[in-house]
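Structural features, examined
Residue-level listing of the chains:
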Amino acid sequence: MTPILLLGAGRMGGALAEGWRDAKAFSAADLIIRDPNVDAGAFEGAVVNPALEALEAAKTVLLAVKPQIWREAVRDIVPHLAPDAVIVSIAAGVRAADIAEAFGGRRVARVMPTTAVAIGRGTASIFAEDDAARAAAHALFAPVATVVDLPTEDLMHAATAVSGSAPAYLYAFVEALEAAGAAQGLDAADSARLARATIIGAAALMEKGGEEPAELRKQVTSPGGTTAAALSVLMGEGGFGDLLPKALEAAVARSKELGG
């Protein structure tokens, strides 16, 4: 399993390294970092940008670069990898067959994670045809995420839309809620504190209780009350029921475009 070659140490790569450390799953000493823009101080104890010959030691390769540049990023390193190295890709939209071809036929798993892996609260959707590649992906992500195995690769597009991109949907909602509260007369700082604490508390309650979101919604919605009035807008024509399908369709379409 180790050393793990981390190709790309940006936001997601850094989040994984942080999550692994805190979960005591993998330490910096287990990592080889390959990223021309890396801050070596953020990965103290790891091997950072070594000579290409040193990459042969890697047992697992985590492809964590932007999907638009992945081919360029792997071109020089492939000849130096061990033949049995397993490739785990988090490059959105990039097909497993294309990755396997670029990596000389090596075993491949695809994963769509979220940056909450940094605090051990991420999600990770996994697809792999090869059992060993799937096991490698589980070993990397299970310590820091809720893992879902996808039966077909085509579902990675939907998983990206529902999970990989969804933290941004929530942040956008909170951003809009804060602004709307301020527009109703609340101090902007107070509106922000109320909105953020309320969303965090509601999410924690949903996790702890295990009840369905629809049931929780009903519990806090009195007939004819203020919540019902707001939901008549949010869940009415042009609301969530119309917007979210359109949003996911746009994300799925872009995921397919990125995969070529």
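Quick summary incoming for the structure in this document. (Residues numbered from 1 in each chain as written. Predicted model: local features only at pLDDT ≥ 70, side-chain atom pairs only at ≥ 80, totals over all residues. Heavy atoms only, no water.)

1. Re the overall build of the chain
Heads up, the condition is: Secondary structure elements are defined from DSSP: runs of H or I of at least 4 residues count as helices, runs of E of at least 2 residues count as strands, and each element is numbered from the N terminus. Between buried and exposed lies partly exposed: a residue is buried under 20% and exposed over 50% of the maximum accessible area for its type, with that area taken using a 1.4 Å probe on protein chains only. Any two residues whose heavy atoms approach within 4.5 Å at even a single point are treated as in contact. Calculation of accessible area relied on Shrake-Rupley with a 1.4 Å probe; when residues are assessed, cover is drawn exclusively from the protein chains displayed. His is not counted here, nor are the chain ends, while Lys and Arg score as positive and Asp and Glu score as negative. To locate a charge, take NZ of a lysine, CZ of an arginine, CG of an aspartate or CD of a glutamate.
Within the chain one finds 10 helices and 8 strands. Along the longest, intermediate and shortest principal axes, the C-alpha atoms of the chain span 70 × 35 × 30 Å. Residues classed as buried in the chain amount to 37% of the 260 residues present. Pairs at least 24 apart in sequence give 60% of the contacts found in the chain among residues at least 6 apart. When the accessible area of the chain is evaluated, it comes to approximately 14,200 Å², of which 57% is carbon and sulfur surface. Averaged over its 22 positive side-chain charges, the chain has a centre that lies 0 Å from the centre of its 31 negative ones.

2. Quick word on the pairing of strand E5 (residues 86–89)
For clarity, the threshold we go by: Between any two strands, at least two bridges found by DSSP are needed for them to pair.
Neither face of E5 is open: one carries Val86 and Val88, the other Ile87 and Ser89, and all of them are buried. Looking at chain direction, strand E4 (residues 60–63) and E5 are connected through 4 bridges and run parallel. Within E5, the residue paired with threonine 60 across the bridge is valine 86. Where E5 and strand E6 (residues 108–113) come together, 3 bridges link them in parallel fashion. From the neighbouring strand, valine 88 faces E6, where its bridge partner is alanine 109.

3. Considerations on the pairing of E4
Let me state the cut-off plainly: Assignment of crossover handedness uses the view with strands pointing away from the viewer, where a clockwise path from the first strand over the helix to the second indicates a right-handed crossover.
Because side chains alternate across E4, one face comprises the buried residues Thr60 and Leu62, and the other comprises Val61 and Leu63, equally buried. Crossover handedness for the path E4 to helix H2 (residues 70–75) to E5: right-handed.

4. Quick word on unusual backbone geometry
The step from threonine 2 to proline 3 runs through a cis peptide bond, and the omega angle for that step is 5°. Tracing the backbone through its elements, the reader meets proline 3 in the segment before strand E1 (4–7). For asparagine 49, which is not glycine, the phi dihedral falls at a positive 45°. Its location among the elements puts asparagine 49 in the loop between strand E3 (47–48) and E4. Note on asparagine 49: relative accessible area 33%, which makes it partly exposed.

5. Considerations on the sheet that holds E5
By definition, the strands of a sheet pair up through backbone hydrogen bonds, in either a parallel or an antiparallel sense. If you walk across this open sheet you meet the 8 strands as E3-E2-E1-E4-E5-E6-E7-E8, and the pairing is mixed. In this open sheet, the two strands that pair with only one neighbour each are E3 and strand E8 (145–149).

6. Thoughts on the packing of aromatic side chains
Keep this limit in mind: Ring pairs are drawn from Phe, Tyr and Trp, using the six-membered ring of Trp, whenever the two centres fall within 6.5 Å, and their geometry is named by plane angle: stacked under 30 degrees, edge-to-face over 60, tilted for the rest.
Within the structure shown, the criterion is met by 2 aromatic pairs. Aromatic side chains tryptophan 20 and phenylalanine 26 sit 5.4 Å apart centroid to centroid with 80° between the ring planes, which places their arrangement in the edge-to-face category. By the burial criterion, tryptophan 20 is buried, and phenylalanine 26 matches it.

7. As for a nonpolar patch on the surface
Selection rule: Residues enter patches when they are more than 30% accessible in relative terms and free of salt bridges; like-charged ones are connected within 9 Å and nonpolar ones (Val, Leu, Ile, Met, Phe, Trp, Tyr) within 5 Å. One speaks of a salt bridge when a side-chain nitrogen belonging to Lys or Arg is within 4 Å of a carboxyl oxygen belonging to Asp or Glu.
A grouping of Leu170, Tyr171, Phe173, Leu177, Leu234, Met235, Phe240 and Leu244 is seen on the molecular surface, where their side chains present a nonpolar patch of about 710 Å² in accessible area. If you list the elements that add at least two residues to the nonpolar patch, you get helix H6 (166–183) and helix H10 (240–258). By residue number, the principal contributor to the nonpolar patch is H6, which donates 4 residues.

8. Notes on helix H7 (residues 188–209)
Which entries qualify depends on this criterion: Under the convention used throughout, the expected extent of a helix is 1.5 Å for every residue step, that is, one less than its residue count. Arc, as used here, means the arc of the directions from the helix axis to the C-beta atoms.
The first and last C-alpha atoms of H7 sit 32 Å apart over 22 residues, in line with the 32 Å expected at 1.5 Å per residue. When we look at burial in H7, the residues that qualify are Ser191, Ala192 and Ala195. Buried positions in H7, seen along its axis, are confined to an arc of 105° and lie on one side of it. Residues of H7 that are exposed and point over 90 degrees away from its buried face: Arg193, Leu194, Ile200, Leu205 and Lys208.

9. Some thoughts on helix H4 (residues 131–141)
Here is the rule we go by: Polar contacts here mean pairs of N or O atoms no more than 3.5 Å apart (in protein, one a potential hydrogen donor and the other a potential acceptor; neighbouring residues in sequence count only if both atoms are side-chain atoms).
All of the buried residues along H4 are Ala133, Ala136, Ala137, Leu140 and Phe141. Angularly, the buried residues of H4 cover 115° about the axis, an arc narrow enough to put them on a single face. Of the residues flanking the start of H4, the one acting as N-cap is aspartate 130, its side-chain oxygen 2.9 Å from the backbone nitrogen of alanine 132.

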